[in-house]
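Examination of the molecular architecture
One letter stands for each residue in the lines below.
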Amino acid sequence: MLHTVRTVSLGHTSTSFFPFKPSHPSSSFAFHMEQTPILSFKIKQSNQPRITCQASSQKHEANAVSPRNEESAVHGLSETIVGVLGGGQLGRMLCQAASKMAIKIVVLDPQENCPASSLSYQHMVGSFDDSATVEEFAKRCGVLTFEIEHVNVATLEKLEKQGVVCQPKASAIRIIQDKYLQKVHFSKHGIPLPEFMRLDDLEGAKKTGELFGYPLMIKSRRLAYDGRGNAVAKSEEELASAVDALGGFDRDLYAEKWAPFVKELAVIVARGIDNTISCYPVVETIHRDNICHIVKAPADVKWKIRERATEVAFNAVNSLEGAGVFAVELFLTGDGQILLNEVAPRPHNSGHHTIESCYTSQYEQHLRAVVGLPLGNPSMKTPAAIMYNILGEEEGELGFQLAHQLMTRALTIPGASIHWYDKPEMRKQRKMGHITVVGPSLSNLEGNLATIIQGEKLDDKTAVAPRVGIIMGSDSDLPVMKEAAKILEMFGVPHEVRIVSAHRTPDLMFHYASSAHQRGIQVIIAGAGGAAHLPGMVAAMTPLPVVGVPVRGSTLDGVDSLLSIVQMPRGVPVATVAVNNATNAGLLAVRILSVADENLMSRMIQYQEDQKESVLRKGEKLEKIGWESYLNHSN
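Bear in mind that the values here come from a model prediction, so they are computed numbers and not experimental data.

This next bit is on the layout of surface pockets. Put simply, the second largest pocket is a space of about 1,400 Å³. Every residue lining the second largest pocket is counted, 45 residues in all, and those nearest its centre are Pro383, Ala384, Pro440, Ser441 and His517. For the lining of the second largest pocket, the secondary-structure elements that each account for two or more residues are β21 (431–439), α12 (442–454) and α18 (582–594). Ranked by residue count, the leading element in the lining of the second largest pocket is α12, at six residues. A breakdown of the residues in the lining of the second largest pocket according to their chemical character gives 25 nonpolar, twelve polar and eight charged.

Looking now at unusual backbone geometry. Cis peptide bonds are those with omega within 30 degrees of zero, and the linkage from Tyr214 to Pro215 qualifies with 0°. Mapped onto the elements, Pro215 comes out in the loop between α6 (202–212) and β10 (216–220). For the bond from Ala297 to Pro298, the omega torsion is -5°, close enough to zero to count as cis. As for its position among the elements, Pro298 is in the loop between β16 (291–297) and α8 (303–318). Within the chain, Gln429 stands out as a residue other than glycine whose phi angle is a positive 70°. If you trace the backbone, Gln429 turns up in the loop between β20 (416–420) and β21.

Here we take up the confidence of the model for the chain. Looking at the chain as a whole, its pLDDT mean stands at 86, while 86% of the residues score no less than 70. Looking across the chain, the model is least confident in strand β3 (residues 39–44), with a mean pLDDT of 34, and most confident in helix α9 (residues 354–357), with 98. Counting interchain partners and residues more than four positions distant, the pLDDT-below-50 stretch residues 1–71 has 150 contacts.

Turning next to the nonpolar core. What tends to happen in soluble globular proteins is that the nonpolar side chains get buried as a cluster. Ranked by internal contacts, the top residues of the largest apolar core, which has 29 residues, are Leu265, Leu330 and Leu340. Listed by contribution, the elements that provide at least two residues to this core are α4 (170–177), β13 (261–271), β14 (277–279), α8, β17 (324–333) and β18 (338–344). Ranked by the residues each element gives to this core, the list is headed by α8, at seven residues. The residues contacting Leu330, other than those within four sequence positions of it, are Lys263, Glu264, Leu265, Val267, Ala309, Val312, Ile338, Leu339, Leu340 and Asn341. Counting residues in each nonpolar core, the second largest holds 26 residues, with Ile470, Leu488, Val523 and Tyr607 among its members.

Let's shift gears to the sheet that holds strand β26 (residues 575–576). Taken in spatial order, the five strands line up as β23-β22-β24-β25-β26 in an open sheet, and their pairing is parallel. Each having just a single partner strand, β23 (495–499) and β26 make up the two edges of the open sheet. Judged from the two bridges that link them, strand β25 (residues 546–550) and β26 form a sheet pairing that is parallel. By the bridge assignment for β26, Val547 is matched with Ala575. In this fold helix α14 (residues 478–490) packs onto β22 (468–472), β23, β24 (523–528) and β25, with an angle of close to 170° to the strand it touches most, β22.

Turning our attention to the packing of helix α11 (residues 396–410) against α12. For the pair α11 and α12, the least separation of the axes is 8 Å and the interaxial angle reads 145°. Along this stretch, α11 crosses α12, giving a crossing that reads as right-handed. Across the interface between the two elements, Leu406, Arg409 and Ala410 of α11 pack against Thr451, Ile452 and Ile453 of α12. A breakdown of the residues in the contact of α11 with α12 according to their chemical character gives four nonpolar, one polar and one charged.

Okay, the pattern of salt bridges next. Applying the stated criterion across every chain, the model contains 24 salt bridges. Where Glu446 meets Lys296, a salt bridge forms, and the shortest distance between an N and an O atom there is 2.7 Å. Of this pair, Glu446 sits in helix α12 while Lys296 sits in strand β16, and the two are 150 residues apart along the sequence. Residue Lys296 is classed as buried on the basis of its relative accessible area, which comes to 17%.

With that out of the way, let us pick up the packing of aromatic side chains. Evaluated as defined, the whole model comprises five aromatic pairs. An angle of 75° between the planes, with centres 5.8 Å apart, marks the rings of Tyr180 and Phe196 as edge-to-face. In this pair, Tyr180 sits in helix α5 (residues 179–188) while Phe196 sits in strand β9 (residues 196–199), placing the two residues 16 residues apart along the sequence. Judged by relative accessible area, Tyr180 falls into the buried class, the value being 17%. On the basis of an interplanar angle of 10° and a centroid distance of 4.9 Å, the ring pair of Phe261 and Phe331 is categorised as stacked. Note that Phe261 is positioned in strand β13 and Phe331 in strand β17, a separation of 70 residues in sequence. An aromatic cluster is defined as three or more aromatic residues linked by ring pairs; in this entry it consists of Tyr180, Phe196 and Tyr254.

Topologically, Ser417 is positioned in strand β20. Beyond its immediate sequence surroundings of up to four residues, Ser417 is in contact with Glu356, His434, Ile435 and Thr436.

What follows concerns the sheet that holds β9. The pairing of strands in a sheet happens through backbone hydrogen bonds and is either parallel or antiparallel. Taken together, the four strands give an open sheet; going across it, the order is β9-β12-β10-β11, and neighbouring strands pair in antiparallel fashion. In this open sheet, the two strands that pair with only one neighbour each are β9 and β11 (230–233). Averaged over all pairs of adjacent strands, the angle between their axes in this sheet comes to 25°, without regard to strand direction. As paired elements, β10 and β11 share four bridges and run antiparallel to each other. Residue pairing in the sheet places Ile218 in a bridge with Ala231 of β11. The strands that α5 touches are β9, β10, β11 and β12 (253–257); relative to β9, the one it contacts most, it runs at about 145°. The sheet contacts of α6 involve β9, β10 and β12, and relative to β9 the element is tilted by about 165°.

Thresholds applied
Residues numbered from 1 in each chain as written. Predicted model: local features only at pLDDT ≥ 70, side-chain atom pairs only at ≥ 80, totals over all residues. Heavy atoms only, no water. 1 Å grid on protein atoms, 1.4 Å probe; cavity = no way out; pocket = protein on both sides within 12 Å on 5 of 7 lines; lining within 4 Å. Points joined across faces, edges and corners; volume = space filled by probe spheres on them. Helix = DSSP H or I, 4+ residues; strand = E, 2+ residues; numbered from the N terminus. Nonpolar A, V, L, I, M, F, W, Y, C, P; charged D, E, K, R; others polar. pLDDT = per-residue confidence, 0-100. Contact = heavy atoms within 4.5 Å. Core = buried A, V, L, I, M, F, W, Y, C linked by side-chain atoms within 4.5 Å. Buried < 20%, exposed > 50% of the residue type's maximum accessible area, 1.4 Å probe, protein only. Pairing = 2+ DSSP bridges. Axes fitted to C-alpha atoms, helices over the stretch in contact; angles between N-to-C directions. Left-handed = near helix turned anticlockwise from the far one by under 90°. Salt bridge = Lys/Arg side-chain N within 4 Å of Asp/Glu carboxyl O. Phe/Tyr/Trp six-rings, centres within 6.5 Å; stacked < 30°, edge-to-face > 60°.

Laid out in structure tokens, this is it:
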């Protein structure tokens, strides 16, 4: 019997199956041109030797030269040659990830100067939809994978019967490349979906409109991406024009009930050949004209929504066969439902940010999966990331100039990385590259992205987000609270100082407390004056650690403030320090931050050593000159 164990943690879901683990038929690669009479070869000059193969009816020249000793073994993390159907930007980024692990990638793409061609180990020029070409290409690969699902699935099934390893399996590609079959498959496996129905004629479409209501989403079953193949009928009168826009009923259409979503989410899911499944953090995708425009990681949604989205994505991928990375696109509705939109059996636009923001990028993860290496950690190594697609704004040279201006501005932004796909032709709305910005919070990154897009000068507040918020109910507390600011300045911790009264400005206090973590604040230091309500009220409204500073008042000497803080009800913790000791509050904030900041930890250790040296010097001086001289000298 097959047993499963499933664990779910933040940004990482895994399932292991026991006791059977399928073996991976890894195969080494030797390339003998005399065995391939239907191909002619030409060698392109590049930094590394690489060959381009051109499908041809002519026999190759007898003196064709291979750039490598084809008898020698390939030495790297895997000796399996990875064949990729498609050489677009996804193939290019797969090649970039493969180079770090010394994994060889060969690509099949009809364009001689496709984005992956300059980085691949070998590039065979030919159609990935042509059966004979794909079969010939497969002979040169240890495993066959994809950067586009619009391939000849019948050929893949034939190759699998002949022993060729395809990852993901041809069965998964067959299901996914027909969106209607996708919906049928996932419906059978209990995956939540918008209601859907096949369309055969206009009368059927009208009945579907009556059943589902309007607006009605009409989609092509095949060859649809980036909004192509989708049309919306807002009324029955628009049905005919929507169908015509998709090429008529001969194109095989189906309808979906309109999903009243408030956000579009996505989860990248990786599956190893041993059936281990690993999920990346949930992201939000923002589309413009049906093309992915911006990706925010992690998605700004409640934890329960993240858990549910991850569960739906996990179950969807678990219902398919084969190893690799899958992208699961989801709808979040106003009442908190998660509905599956569609699945891609490959790396995806919604996972580009993982190159900079995660311990293992989706591209490295895909390669690990298909060649049988252990899956990597999908967790984010930075608090937040935003990916922005560089889309063609104008045709031709003007479009290139605008894109280059955008990238030049991005170079001035801390945490920004540029990925240019090196496509030779610029067209409007064509994906030409992307920019990823990482940093302390989505709020901070949104400001940085606006600077890139709008061309405004980066100001200090946008460049460096405060990590500690120092708040007080009145400026009368400032002489005490300034000592916390001095400590933070000494340690180089960005911070802000605000007057936020729990009694006079309750709305401001609520907004500050509830939004602080979204702005990148990590610790709040709150002064507690006469009524001493500020630390506790703020702690009740923020997930951040709050340090209360009892401020000495005109009566009760600050003891009332101290007791108010330490008697908070269970579930609303507030740390505190001695009365008027904002210095220790600042130091406590630094220690909290230093747990995940080696630089701060090192500075804190140095601070302690400096304090020790100061005490020892004073002790030596006291012993040397005596107490009377010491006191006189000190005065």
